[in-house]
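Descriptive structure summary
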Amino acid sequence: MKSKAEKRQILAELQSGFADEPAVIVCKFEGLTVAEDQELRSVVRNLGGSYRVVANRLALLAARDTPYEEALTGQRGMTALAFLGEDPVSTLKALVAFGKQQDKFSFNCGVVDCRTVNLDQLIELSKLPDKAGLQVRILYMLNSSAQRLMGVLNAPARDIAAVLQQAVEKKKFNE
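Small disclaimer: the values here were computed from a predicted structure and weren't measured. (Residues numbered from 1 in each chain as written. Predicted model: local features only at pLDDT ≥ 70, side-chain atom pairs only at ≥ 80, totals over all residues. Heavy atoms only, no water.)

**Details of the packing of aromatic side chains**
Using the criterion set out here, one finds 4 aromatic pairs in the structure. Measuring from centroid to centroid gives 4.6 Å for Phe18 and Tyr68, while their planes differ by 20°, and the two rings are stacked. Of the two residues, Phe18 is situated in helix 1 (residues 4-20) and Tyr68 in helix 4 (residues 68-72); the sequence distance between them amounts to 50 residues. Take Tyr68: its relative accessible area is 6%, and that puts it in the buried class. Taken together through their ring pairs, the aromatic side chains of Phe18, Tyr68 and Phe83 make up a single cluster. (Phe/Tyr/Trp six-rings, centres within 6.5 Å; stacked < 30°, edge-to-face > 60°. Helix = DSSP H or I, 4+ residues; strand = E, 2+ residues; numbered from the N terminus. Buried < 20%, exposed > 50% of the residue type's maximum accessible area, 1.4 Å probe, protein only.)

**Examining a nonpolar patch on the surface**
Taken together, the side chains of Ile138, Leu139, Tyr140, Met141 and Leu142 define a hydrophobic patch exposed on the protein surface, amounting to about 580 Å² of accessible area. Position of Leu142 among the secondary structure elements: in helix 7 (residues 131-169). The exposed category is assigned to Leu142, whose relative accessible area is 55%. (Patch = residues over 30% accessible without salt bridge, like charges linked within 9 Å, V, L, I, M, F, W, Y side chains within 5 Å. Areas by Shrake-Rupley, 256 points an atom, 1.4 Å probe, with all protein chains shown as cover. Salt bridge = Lys/Arg side-chain N within 4 Å of Asp/Glu carboxyl O.)

**Describing the sheet that holds strand 4 (residues 106-112)**
The 5 strands are arranged 2-3-1-4-5 in an open sheet whose pairing can be described as antiparallel. Bordering the open sheet on either side are strand 2 (50-54) and strand 5 (115-118), each of which pairs with just one other strand. Direction aside, neighbouring strands of the sheet carry axes that sit 25° apart on average. The pairing of strand 1 (residues 23-28) with strand 4 spans 6 bridges and is classified as antiparallel. (Pairing = 2+ DSSP bridges. Axes fitted to C-alpha atoms, helices over the stretch in contact; angles between N-to-C directions.)

**Some thoughts on the pattern of salt bridges**
One side chain can pair with another of opposite charge once the charged atoms of both are near each other. For the structure on display, the rule yields 3 salt bridges. Of the charged contacts, one joins Glu13 and Arg52 as a salt bridge, the two residues approaching to 2.8 Å between their closest N and O atoms. Of this pair, Glu13 sits in helix 1 while Arg52 sits in strand 2, and the two are 39 residues apart along the sequence.

**Let's talk about the environment of Leu164**
Relative to the assigned elements, Leu164 resides in helix 7. Taking relative accessible area as the criterion, Leu164 reaches 44% and is therefore assigned partly exposed.

**Concerning helix 1**
In a regular helix each residue adds 1.5 Å, so 17 residues correspond to 24 Å; helix 1 covers 24 Å between its end C-alpha atoms and thus fits that length. Within the span of helix 1, buried status applies to Ile10, Leu14, Gly17 and Phe18. Angularly, the buried residues of helix 1 cover 95° about the axis, an arc narrow enough to put them on a single face. Those residues of helix 1 that are exposed and aimed more than 90 degrees away from the buried face are Lys4, Ala5, Arg8, Ala19 and Asp20. (Expected span 1.5 Å × (residues − 1). Arc of directions from axis to C-beta.)

**Some words on the packing of helix 5 (residues 88-101) against helix 6 (residues 119-126)**
Helix 6 packs onto helix 5 with a crossing angle of 120° between their chain directions and a minimal axis gap of 8 Å. Crossing geometry of helix 5 relative to helix 6 is assigned as left-handed. Together, Val89, Leu92, Lys93 and Val96 of helix 5 and Leu122, Leu125 and Ser126 of helix 6 make up the contact between the two elements. Tallied by class, residues from the contact of helix 5 with helix 6 come to 5 nonpolar, 1 polar and 1 charged. (Left-handed = near helix turned anticlockwise from the far one by under 90°. Contact = heavy atoms within 4.5 Å. Nonpolar A, V, L, I, M, F, W, Y, C, P; charged D, E, K, R; others polar.)

**Examining the side chain of Ser90**
Here Ser90 shows up in helix 5. Ser90 sits in the buried class, given a relative accessible area of 12%.

**Quick look at the confidence of the model for the protein chain**
Per-residue confidence for the protein chain averages 83 on the pLDDT scale, and 98% of its residues sit at or above 70. By mean pLDDT, the top-scoring element of the protein chain is helix 2 (residues 34-46) (89), and the lowest-scoring one is helix 7 (81). (pLDDT = per-residue confidence, 0-100.)

**Remarks on a positive patch on the surface**
On the surface, Lys4, Lys7, Arg8, Arg57 and Arg64 cluster together to form a positively charged patch. At 3 residues, the largest contribution of residues to the positive patch is made by helix 1. Mapping Lys4 onto the fold places it in helix 1. (Lys, Arg positive; Asp, Glu negative; His and termini not counted. Charge placed at Lys NZ, Arg CZ, Asp CG, Glu CD.)

Take a look at the structure:
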């Protein structure tokens, strides 16, 4: 059993995590082996997030008067919180994939940008492109726009050169 000082420290850490993180997923993991749990923690940590087993009462106390309170109200059994970190979509994709591999692991709700979301919405969010995918798309759009702009800017000069070339070929100029 944890001392009051340890519980206060955990409470402060959870409150800080709720304040700093834009997305948290409430997970259930009853029946996972230690090795499976460590594998999940490693995957989440490598993606910039964190995964933490919490006492339901402490989590609810930390979430009081925050958007996280609704998601944590009524939780029973063993609960963990997955803080999604800097690239939430990649971490969410990893959680969905892990849930498909391990039927003992599940999640049914979370909070994303101060809104409680259900399982269906979380799965839809996991289908979005991750941070790297979005960066590639933005670079493609910027590059293709720049290429089109250069094409438009070069068109008058290219057209004049083509007209002059045709005139030379047809000997329209007097020598």
